[in-house]
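Next come the chains, spelled out residue by residue.
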Amino acid sequence: MAIDKISSEIDRLEKELEKHEVQCEERWKTNFQRLADIEKAVERIESRVLTIGGAVIIFLAGLVVTVMQ
C-alpha cells in the first residue's frame, strides 16, 4: 500500500515537472524573442544618436568656420 502511494506520488511529480519544463521553455523562447526585439530597437536608437551627433558637429564646425572668416 505504501509503495503504491509513493509510486503514484512520483508519477504525479513527474507530470508536474514535465508541465513545468514545457512552460519554462515557452517562457524562455518568449524572453529571447523580446530581447532580440529590444536589441534591434537599441541599435536603431544608437544609429540615430550617432547620425544626429555627426550632424551637430558638422553644423557647429560650419559656424566656427563662418565666424572665423
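That block above? That's the structure.
Figured I'd write up the structure that's included with this text. Just so we're clear, the structure is a prediction, and the values are computed from it rather than from any experiment.

Reading guide: rules and limits
Residues numbered from 1 in each chain as written. Predicted model: local features only at pLDDT ≥ 70, side-chain atom pairs only at ≥ 80, totals over all residues. Heavy atoms only, no water. Helix = DSSP H or I, 4+ residues; strand = E, 2+ residues; numbered from the N terminus. Rg over C-alpha atoms; globule rule 2.2 N^0.38 Å. Buried < 20%, exposed > 50% of the residue type's maximum accessible area, 1.4 Å probe, protein only. Areas by Shrake-Rupley, 256 points an atom, 1.4 Å probe, with all protein chains shown as cover. Lys, Arg positive; Asp, Glu negative; His and termini not counted. Charge placed at Lys NZ, Arg CZ, Asp CG, Glu CD. Salt bridge = Lys/Arg side-chain N within 4 Å of Asp/Glu carboxyl O.

### Overview of the overall build of the protein chain
Part 1: Regarding its fold elements, the protein chain presents one helix and zero strands.
Part 2: What you see for the protein chain is a C-alpha radius of gyration of 30 Å, clearly larger than the 11 Å of a compact globule of 69 residues, by over 25%.
Part 3: Reported as C-alpha extents along the three principal axes, the dimensions of the protein chain are approximately 100 × 15 × 5 Å.
Part 4: Among the 69 residues that make up the protein chain, the fraction classed as buried is 0%.
Part 5: For the protein chain, the accessible surface area stands at approximately 6,800 Å², while carbon and sulfur atoms represent 66% of it.
Part 6: With 10 positive and 13 negative side-chain charges, the protein chain shows a separation of 7 Å between the mean positions of the two kinds.

### Section: the pattern of salt bridges
Opposite charge on two side chains permits pairing when their charged atoms draw close.
Part 1: Tallying each qualifying case throughout the model produces three salt bridges.
Part 2: With a shortest N-O distance of 2.5 Å, arginine 12 and glutamate 9 are connected by a salt bridge. Separated by three residues within a single helix, arginine 12 and glutamate 9 lie in helix α1 (residues 2–68), roughly one turn from each other.
Part 3: Judged by relative accessible area, glutamate 9 falls into the partly exposed class, the value being 36%.
Part 4: Note that arginine 12 and glutamate 16 form a salt bridge whose closest N and O atoms lie 2.2 Å from each other. Of this pair, arginine 12 and glutamate 16 are both found in helix α1, four residues apart, which corresponds to roughly one turn of the helix.
Part 5: Ionic contacts of the salt-bridge type, sharing partners, join the residues Glu9, Arg12 and Glu16 into one network.

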